[in-house]
Amino acid sequence: MTFPAPDDDWQRPQRPDCACREHLEDVQALVIPSEDWDEDPTFEDLLATGSLGVRPIDPKERFVPVFDEHGHESRLGPIHWQMGAADEIYGCYADDAELPLDRSIAAQPGVDLVEWYDREEFLIGAPGLCDSGLLAAIARAMHDPRVRAPR
């Protein structure tokens with residue numbers, strides 16, 4: 001079940017009207033350690049695999065239902081972005097790391113909330129970030145050594 005988002009007129013920000021501190025070109029060369037690659041990839045290498053990307057959420061999906069321990073339903077949102085993370089980047093973070101990837105992303109400037117929806121999907125509330133700025137925030141989050149299991 002999705003909740004309607006009445007009067008939701010959010011449009012993804014465009015440069016220079018975004019609130020981003022950095023953009024993709026600032027972090028493309030950032031090396032992201034990975035257990036799965038022979039040589040640690042750059043963030044640009046990860047993007048080139050097609051296994052990592054962001055897209056704006058449809059306004060009808062801006063709020064998602066969540067249930068508490070008693071089965072009471074509430075809604076989480078607003079969500080502006082969906083981040084997909086597939087096979088080629090799994091070695092860049094660990095599900096049981098000291099700092100889970102969702103919390104690392106949520107700690108980045110401009111990010112209001114992150115819901116690790118399933119292994120390959122993260123829902124992100126970041127109304128002021130453009131897609132390039134959100135990717136930069138994700139790169140910084142993935143660069144943090146605490147998101148990986150100790151080598």
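Structure: see above.
Just so it is clear, the structure is predicted and the values come from calculations on it, not from any experiment. (Residues numbered from 1 in each chain as written. Predicted model: local features only at pLDDT ≥ 70, side-chain atom pairs only at ≥ 80, totals over all residues. Heavy atoms only, no water.)

Enquirer: What is the right way to look at the pattern of salt bridges in this model?
Expert: Close approach of charged atoms allows side chains of opposite charge to pair. As enumerated under the stated definition, the model contains 4 salt bridges in all. A salt bridge links Arg12 to Asp131, with the shortest nitrogen-to-oxygen separation between them at 3.7 Å. With Arg12 in the segment before α1 (24–27) and Asp131 in helix α4 (residues 131–143), this pair connects stretches of sequence that are 119 residues apart. Note that Arg146 and Asp144 form a salt bridge whose closest N and O atoms lie 2.8 Å from each other. Taking the relative accessible area as the measure of exposure, Arg146 reaches 39% and is therefore partly exposed. (Salt bridge = Lys/Arg side-chain N within 4 Å of Asp/Glu carboxyl O. Helix = DSSP H or I, 4+ residues; strand = E, 2+ residues; numbered from the N terminus. Buried < 20%, exposed > 50% of the residue type's maximum accessible area, 1.4 Å probe, protein only.)

Enquirer: Help me understand α4 in this model?
Expert: In an α-helix, one turn spans 3.6 residues; hence positions three or four apart end up facing the same way. For α4, built from 13 residues, the straight-helix expectation of 18 Å at 1.5 Å per residue is met to within 8% by its first-to-last C-alpha distance of 18 Å. Within α4 the residues assigned to the buried category are Ser132, Gly133, Leu134, Leu135, Ala136, Ala137, Ile138, Ala139, Ala141 and Met142. In the core, the buried residues of α4 are packed alongside α1, α2 (43–48), β1 (52–56), β4 (81–85), α3 (101–106) and β6 (121–125). (Expected span 1.5 Å × (residues − 1). Contact = heavy atoms within 4.5 Å.)

Enquirer: How do you make sense of the side chain of Ser51 when you look at a structure like this?
Expert: Looking at the secondary structure, you find Ser51 in the loop between α2 and β1. Residue Ser51 is classed as buried on the basis of its relative accessible area, which comes to 6%.

Enquirer: Got a minute to help me understand the nonpolar core in this structure?
Expert: Grouped burial of nonpolar side chains is what soluble globular proteins tend to show. Residues Phe43, Leu101, Ile105, Ile124 and Met142 are the most contacted members of the largest nonpolar core, which totals 36 residues. Of all elements in the fold, only α1, α2, β4, α3, β5 (113–118), β6 and α4 reach the threshold of two or more residues within this core. Excluding residues that lie within four positions of it along the chain, Ile105 makes contacts with Met83, Val111, Val114, Phe122, Ile124, Ile138 and Ala141. Of all hydrophobic cores here, the second largest spans 6 residues; its members include Val64, Leu76, Ile79 and Leu123. (Core = buried A, V, L, I, M, F, W, Y, C linked by side-chain atoms within 4.5 Å.)

Enquirer: Can you walk me through the side chain of Arg148 in this structure?
Expert: Note that Arg148 resides in the segment after α4. One buried charge, Arg148, has no salt-bridge partner; the nearest side chain with opposite charge is Asp144, at 6.3 Å. Arg148 has contacts with Ile32, Pro33, Gly91, Cys92, Tyr93, Ala94, Ala97, Met142 and His143, leaving out every residue within four places of it along the chain. (Lys, Arg positive; Asp, Glu negative; His and termini not counted.)

Enquirer: Sorry if this is basic, but what is going on with unusual backbone geometry here?
Expert: In this structure, the amide linkage connecting Arg15 to the following residue, Pro16, adopts the cis form with an omega of 5°. Residue placement: Pro16 occurs in the segment before α1. For the bond from Gly77 to Pro78, the omega torsion is 5°, close enough to zero to count as cis. Among the structural elements, Pro78 can be located in the loop between β3 (73–76) and β4.

Enquirer: It is not clear to me how the packing of aromatic side chains should be interpreted in this structure. Could you clarify?
Expert: The geometry of an aromatic ring pair comes down to the distance between the two centres and the angle between the two planes. The full count for this structure, using the stated rule, is 4 aromatic pairs. Between Trp10 and Trp81, the ring centres sit 5.7 Å apart and the planes meet at 85°, which makes this aromatic pair edge-to-face. Linking Trp10 in the segment before α1 with Trp81 in strand β4, this pair joins segments that are 71 residues apart in sequence. Summarising the burial analysis for this pair, Trp10 and Trp81 share the class buried. By way of ring pairs, the aromatic residues Tyr93, Trp116 and Phe122 are connected into one cluster. (Phe/Tyr/Trp six-rings, centres within 6.5 Å; stacked < 30°, edge-to-face > 60°.)

Enquirer: Looking at this structure, how should I read the pairing of strand β2 (residues 64–67)?
Expert: Regular strands place their side chains on alternate faces of the sheet. Bridging between β2 and β3 involves 4 bridges; their strand directions are antiparallel. Note that in β3 the partner of Val66 across the bridge is Ser74. Linking two consecutive strands that pair antiparallel, namely β2 and β3, is a turn of 5 residues; a positive phi of about 85° is found at Gly71 within it. (Pairing = 2+ DSSP bridges.)

Purely spatial values, then, with no claim about function.
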